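What follows is the residue order along each chain.
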Amino acid sequence: MSRLSGILWSLVFLAVPVLGVATFAIAPAIDVWLPQDVSEHGKAIDGLFYFILALTGVVFVATEVALFWFLWKYDAAKATGPATYIHGSHTLEVVWTIIPAATLLFLAIYQMNTWADVKMRRPAMAPSVEVVARQFEWRLRYPGRDGTLGTPDDLFLVNDLHVPVDEDFLVQLKSMDVLHSFFLPNLRIKQDAVPGMKIPVWFKATETGQFDIVCAELCGWGHYKMKGRVTVESREDFDRWLESQYARQEATQPEPDPSTAVARTE
Amino acid sequence: MPTCSRSNSSTTVLVAFVVLFPVAAGCRPERVVTPGADAETAGALRATLVSASSGGGVTAAAAATGTGWATLKGRFVFAGTPGAPKPLVADKDTEVCSKGGMKLLDRSLLVDPSSKGLANVVVFARKTSRVKEASPPSTPLLFDQKQCEFLAPVFAARVGQPIDVKNSDPIGHNTNIAGSDFNQLIPAGGDTIYVPKAETGMPTMVTCNVHPWMKAYMVFRKDGYVAVSAADGSFTIPDLPAGEPLEFQVWHERSTGPNGAVGIDKPDLKWTPKGRFQVTLQPDEVKDIGTLDVPASAIGT
Amino acid sequence: MHRRTSLAFAGLIVCLASVTGCGKTPPAFFRPNMVEATKQRLTPDQEKQVATILLAMFGTPDEPTCLPETGLDEAKLRLAAGPVRSDIVGRKNGLYREHCAHCHGITGDALGPTAAFLNPYPRDYRPGVFKFKSTERADKPTHADLVRVLHNGIPGTSMPSFALLPAAQVEALAEYVKYLSIRGETELALMRAYFELDDEAQGKLPETREFLVDETLVAVADKWKAAAEAEIQVPPMPADIDLVASIAKGKELFYGDKANCVKCHGVTGLGDGQANDYDDWNKVIVEIGKELASGAASARGSSTAGMSPDELSEHRAQLAWLEKFGKVLDGDALEPRTIPPRNLRHGIYRGGRRPIDLYYRIHAGINGAPMPAAKGTVPPEDIWHIVNYVRSLPYELDGELGADKPMLARDRF
């Protein structure tokens, strides 16, 4: 082995942390970073994400640099003396076991509050909407004026979820056939829909606008087609929209122009 | 040994083929292949079709070549031995449909035991130049159903002639004429009028979806030159235009011919496998084409 | 030894390439209606003539064309047809193949690769029969009806909603469905026309504009054009209607002899009445199956001993035809399925849940399905009562069903 090949391999391994860090540095600029966060709990989730990213990032860079340094320093072409064999270091093993264990334990405790907010502290309210996933669309049912699902004034829609801004919103998630995964990237919500289960999902949207609903279930050929839309709007707009949709559902005469029925986006 | 190695490798290829081909071809049943379109002819044809000139429009009716009116008669006889009619599975509304233990029977092949006459054969003129009665009769024909059976298994009417679709049962039925705009609820003891708007071509099926064993056939003709053979197999079509070659179409529900056409061996009437025969009638003639033997092979079991 | 292995390896590569193909994908083609062609006993020459005429009239799945008589918009068709791709201005093309073809098939014959796994089967457009529409039973749906189905999907079936597609794309898809339907109906008309030919024609359809366009195509296309004017006029539901009384009246009608809903939808409304009937698409296959069975029994049962040479060749042709038909059914038809009447307690309405949707269904019946029309025998105000009763069924307080609170059957899964 020549000295040149030793240098080459060291540099190849050095490129891993350099390119790794560069990818993350460029990502937000080319819009492959986290989507805009419009949820109340999203800040905590993003905070956790950044914290863990920084932590693992530092460890990753340090490990990779150490690897590079060892490759460089102990190049076979350069080393002349015989290798030294050691049995091991008890202290070192204790240190590198306790530090990661403590870190993981810290993370487990540190995220608990956020987890509880997102998955356990369900707001004390009746479901704001029922979302039923099926192959391949999201069927929605709003409880209507009486606020109770399963009554004659329920409002039935598909793929077009509307949500009032700055209010707790509770989704009752079901599946009609197979596993689906209800994913609202901008609301930092991702929850599997499981046949036979009613799963509560809640969030509070903080900004108005239109965002995607996607199915994050991987297996099967049709889930990627389950594109829906969530519209966050003011309470007045939301109420007006509910009323207009309900009036359309109760129509006893044909609509003047059905092509205006649903607003669409490209 | 080069020969040996070559033969071995070709065996490998063969095995690979056998293994891979079903994988690539899948397990779907092989579909019947058909000749594709002829692109050149299609190009030329397209030029004809897009040309704005629509010379002549719809084909003019055949020119009248005679005067006067005549009658056609005949009698269908079944040359085989009909099996005993099968009972139908009538499992709904049994208190009406199987009243008093009565069993509904399959009526698709009705042969008169004594005369061997074949009933419910449809005969109609394919094209006529003249019609004696210009407009269809306005008196409604009765199409009734009783004890979960259409009373007429085969029913003929003229286009435009009202049909009184009646239900004489104490339970509700619906009458569904395939390929038409009519599938109507007929309340118990009620009726409704249906006026056929178009010709059927060959007879079309009539069903009741509430009682799926109920089945009949209807045939509508614009000129009304259509007859259904009676229990003894005889039929009569009166008032046919004389002096022109007439072609008739013959149909039976159980025929094995194309679209139910009944093909029989009758060279003197130029009887074809499509179930058509030709006659030319003289004015005021009552032409009896005699006994028409329908062989057992023409009727499906 | 080494050489032998490498030879075998090369052979394997060649074989793989020949099986998987390394050239371009062959162009998509319209599959002829083999069931009808075989039913009409068309010869290969006649099948070829039909294919040629259809190519001249309608083009190919990649390059659809239409004659002005169809009333179709060719620009919309091009947007929907062909392989999935973006055109020069970045507009999405090939919408039909992206969204529809895997179930409804390239030809619109409901024989796409996923079709066999769905229940109910996807719609076969070729007979030109559509269920959920605002027109009388035998009339075609309006353009708005097709768009509505694309918007809402068909709950209770595998048809999803396409409401979030841009309006232009939904329009293009609706137009393409019409195109496939007109093409399919024209094909049926052409195949059936052979039987009606006189003997002088020698089994060849006249390739004239009069016959092909004026008599055949226009007859099909005009029904589509007429649909726009054929919407059912619905008398408004009385504004001061007493809902409770109306529901009670509707219930009486539901169980009564006049409307007779109970016969199929069942005494419980669970759709458990008359349930062993077929819809028109499946019935065709069922009837052919019976015809084949009866024909086969009769052909095999007849003895060839006393036959003349003519009869013998006819007999053999019949046997060959029966065998071919069996094969055609295997490859070009799906196993027939019965059509159960709708379970009215699910609260799932395939053709839409608006009162007017239910009114249309009851008034005109459902084309292609056993559901008969109530018009004529049930007056409009009574139809409204039935609508109100049917809409109350999913929520009915019904001790008979063992529920003690408002029950929506869907909540039980």
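Residues numbered from 1 in each chain as written. Chains lettered and ligands numbered in written order. Predicted model: local features only at pLDDT ≥ 70, side-chain atom pairs only at ≥ 80, totals over all residues.

## What about the packing of helix H12 (residues 280–301) of chain C against helix H13 (residues 309–332) of chain C?
Residue and element names in this part refer to chain C.
And then number 1: Packing of H12 against H13 brings their axes to within 10 Å, and their N-to-C directions diverge by 150 degrees. Like other packed secondary-structure pairs, H12 and H13 cross with a definite hand, here left-handed. Across the interface between the two elements, Ile285, Ile288, Leu292, Gly295, Ala296 and Ala299 from H12 touch His315, Gln318, Leu319, Leu322, Phe325, Gly326 and Leu329 from H13.
And then number 2: Here the residues of the contact of H12 with H13 are counted per class, giving 9 nonpolar, 4 polar and no charged. (Axes fitted to C-alpha atoms, helices over the stretch in contact; angles between N-to-C directions. Helix = DSSP H or I, 4+ residues; strand = E, 2+ residues; numbered from the N terminus. Left-handed = near helix turned anticlockwise from the far one by under 90°. Contact = placed C-beta atoms within 7 Å. Nonpolar A, V, L, I, M, F, W, Y, C, P; charged D, E, K, R; others polar.)

## Side note on the nonpolar core
Residue and element names in this part refer to chain C.
And then number 1: Ala80, Leu173 and Tyr176 are the most contacted members of the largest nonpolar core, which has 97 residues in total.
And then number 2: Looking at which element gives the most residues to this core, the answer is helix H8 (residues 167–196), with 12 residues.
And then number 3: When near neighbours in sequence (up to four residues on either side) are disregarded, Leu173 contacts Ala80, Leu95, Tyr96, His99, Cys100 and Leu150. (Core = buried A, V, L, I, M, F, W, Y, C linked by C-beta atoms within 7 Å. Buried ≥ 20, exposed ≤ 12 C-beta atoms within 10 Å, placed from the backbone.)

## A short note on the sheet that holds strand E3 (residues 155–158) of chain A
Residues and elements named next belong to chain A.
And then number 1: In spatial order, the strands read E3-E2-E1-E5-E8; together these 5 strands make up an open sheet with mixed pairing. Only two strands of the sheet have a single neighbouring strand rather than two, namely E3 and strand E8 (199–204). The average angle at which neighbouring strand axes cross in this sheet is 25 degrees, direction not considered.
And then number 2: Lying over the sheet, helix H5 (residues 235–249) contacts strand E2 (137–142) and E3, oriented at roughly 95 degrees with respect to E3. (Pairing = 2+ DSSP bridges.)

## Observations regarding the environment of A:Phe211
All names here are of chain A.
And then number 1: One can find Phe211 in strand E9 (residues 209–215).
And then number 2: Phe211 gets classed as buried once you count the C-beta atoms within 10 Å, which come to 20.
And then number 3: Taking C-alpha positions, Phe211 is 17 Å from Leu170, a pair spaced 41 residues apart along the chain.
And then number 4: With residues up to four places along the chain from it excluded, the contact list for Phe211 reads Val38, Leu184, Asn186 and Val230.

## Some details on helix H9 (residues 209–227) of chain C
And then number 1: With 19 residues, H9(C) extends 25 Å from end C-alpha to end C-alpha; this agrees with the ideal 27 Å at 1.5 Å per step.
And then number 2: For H9(C), the principal kink sits at C:Val218 and spans about 45 degrees.
And then number 3: Within H9(C), burial applies to C:Arg209, C:Leu212, C:Val213, C:Leu217, C:Val220, C:Ala221, C:Trp224 and C:Ala227.
And then number 4: Summarising the contacts, the buried residues of H9(C) are in contact with helix H2 (39–50) of chain B together with helix H3 (44–58) and H8 of chain C. (Expected span 1.5 Å × (residues − 1). Bend = angle between axes of the 7 residues up to and from the residue.)

## Some words on the interface of chain C and chain A
Interfaces are often sized by the accessible area lost when the parts come together.
And then number 1: Facing 30 residues of chain C, the contacting portion of chain A comprises 27 residues.
And then number 2: Elements supplying a minimum of two residues to the side of chain C that touches chain A: helix H7 (143–152) and helix H14 (355–364) of chain C.
And then number 3: Looking at side-chain class alone, the side of chain C that touches chain A contains 18 nonpolar, 7 polar and 5 charged residues.

## What to know about the pairing of strand E4 (residues 154–158) of chain B
All names here are of chain B.
And then number 1: Of all 5 residues in E4, 5 are buried, a share of seventy percent or more.
And then number 2: With burial as the criterion, each face of E4 is covered, one bearing Val154, Ala156 and Arg158 and the other bearing Phe155 and Ala157.
And then number 3: For E4 and strand E10 (residues 215–221), the ladder comprises 5 bridges, and the chain directions are parallel. Residue Arg158 lies in a different strand from E10, and its bridge partner there is Arg221.

## Some thoughts on the arrangement of the chains
And then number 1: The highest contact count of any of the 2 pairs of chains in contact belongs to chains B and C.
And then number 2: The two units chain A and chain B never meet; even their closest C-alpha atoms stay 18 Å apart.

## Things to note about the sheet that holds strand E6 (residues 173–177) of chain B
Residues and elements named next belong to chain B.
And then number 1: Read from one edge to the other, the open sheet built from 5 strands follows the order E4-E10-E9-E6-E7, with strand pairing classed as mixed. Because the sheet does not close on itself, it has two edges, and the strands there are E4 and strand E7 (183–186). Neighbour to neighbour, the strand axes of the sheet diverge by 25 degrees on average, direction disregarded.
And then number 2: Pairing of E6 with strand E9 (residues 204–207), which is carried by 2 bridges, proceeds in the antiparallel orientation. Directly across from Ile177, in E9, lies its bridge partner Val206.

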